[in-house]
Amino acid sequence: IPGGLKGTEANYGNGWSCVDVAAEIIKGIQKQHRKIDDARLRAMIVDNLRICFIRHDKSASYENGKTIGLHSKHFIVDDKCCYIGSQNLYMCDLAEWGIVVDSEEEVKKIM
């Protein structure tokens, strides 16, 4: 688990940096497209992928010092469409919910 956290401390992304997430995305792409040039893939990721945390406050922890875990995901595609919800990037048997905003005008407000 990134950050040396215990399993009970690393729920819903705690301990994973944005670099860790990007590395997992790169691994997934490489697994599906084994012949892709590594330098080209990394250049595409740098040019086209933005990963950041969504926080509900300006702090990464509660007043008692416990780390805040946030399960929400937010994807913007081509600055025209976005998804906000809880769906993971892997298949799992969970009830996940979200919305797709398919309006360039509304997505620009979110950005």
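Residues numbered from 1 in each chain as written. Predicted model: local features only at pLDDT ≥ 70, side-chain atom pairs only at ≥ 80, totals over all residues. Heavy atoms only, no water.

## Examining the overall build of the protein
Put simply, the rule is: Only runs of H or I of at least four residues qualify as helices and only runs of E of at least two qualify as strands under DSSP, and these elements are numbered from the N terminus. When a residue's accessible area, from a 1.4 Å probe over protein chains only, is under 20% of the maximum for its type it is buried; when over 50% it is exposed; and in between it is partly exposed. Contacts are residue-level and defined by heavy atoms, with any inter-residue pair within 4.5 Å sufficient. The method behind every accessible area is Shrake-Rupley, applied with a 1.4 Å probe, and residues are considered shielded solely by the protein chains displayed.
Per the secondary structure count, the protein includes three helices and three strands. Written out in order from the N terminus, the α and β elements of the protein read α-α-β-β-β-α. Relative to its 111 residues, the protein shows a buried fraction of 15%. Contacts in the protein between residues at least 24 apart in sequence constitute 28% of all its contacts with a sequence separation of at least 6. Carbon and sulfur atoms make up 55% of the accessible area of the protein, which totals about 8900 Å².

## Some remarks on the pattern of salt bridges
This is how the line gets drawn: Salt bridges are defined by distance alone: a side-chain nitrogen of Lys or Arg within 4 Å of a carboxyl oxygen of Asp or Glu.
What the rule picks out here adds up to four salt bridges. Ionic pairing is found between Lys27 and Glu24, a salt bridge with its closest N-O pair at 3.1 Å. Pair noted here: Lys27 and Glu24 are both in helix H1 (residues 18-32), with a separation of three residues, about one helical turn. Owing to a relative accessible area of 48%, Lys27 belongs among the partly exposed residues under this scheme. According to the relative accessible area criterion, Glu24 is partly exposed, its value standing at 37%. For the salt bridge of Glu106 with Lys109, the shortest nitrogen-to-oxygen distance reads 3.1 Å.

## So, a nonpolar patch on the surface
For the record, the criterion: The residues that make up patches have over 30% relative accessible area and no salt bridge, and they are joined within 9 Å when like-charged or within 5 Å when they are Val, Leu, Ile, Met, Phe, Trp or Tyr.
On the surface, a nonpolar cluster with roughly 420 Å² of combined accessible area is contributed by Ile76, Ile84, Ile99, Ile110 and Met111. Within the secondary structure layout, Ile110 lies in helix H3 (residues 104-110).

## Examining the sheet that holds strand E3 (residues 98-101)
Filter applied, for reference: Note on pairing: DSSP must find at least two bridges between two strands before they are called paired. Angular values range over 0 to 180 degrees, each being the angle between N-to-C directions of two axes fitted as lines to C-alpha atoms, with helices fitted over their stretch in contact.
As summarised here, the arrangement of the three strands in space is E1-E2-E3, forming an open sheet in which the pairing is antiparallel. Taken across any chain shown, the strands that pair with only one partner, and hence form the sheet edges, are strand E1 (73-77) and E3. Strand-to-strand twist of the sheet, defined as the mean angle between neighbouring strand axes without regard to direction, takes the value 10°. In this sheet, strand E2 (residues 81-85) lies alongside E1 in antiparallel orientation, the contact comprising five bridges. Looking at the pairing, Lys73 lines up with Gly85 of E2.

## A few points about the packing of H1 against helix H2 (residues 38-48)
The geometry of a pair of packed helices is captured by two quantities: the angle between their axes and the separation between those axes. Condition: Any angle from 65 to 115 degrees is called roughly perpendicular, while one under 35 is roughly parallel, one over 145 is roughly antiparallel, and all others are oblique. Note on convention: the crossing is left-handed when the near helix lies turned anticlockwise from the far helix by less than a right angle, right-handed when the turn is clockwise.
Across the interface, H1 lies against H2 with an axial gap of 11 Å and an inter-helix angle of 135°. Taken together, H1 and H2 sit at an angle that is classed as oblique. By crossing handedness, the relation of H1 to H2 is classed as right-handed. Between H1 and H2, the contacting residues are Ile26, Ile29 and Gln30 on the first element and Asp38, Leu41, Arg42 and Ile45 on the second.

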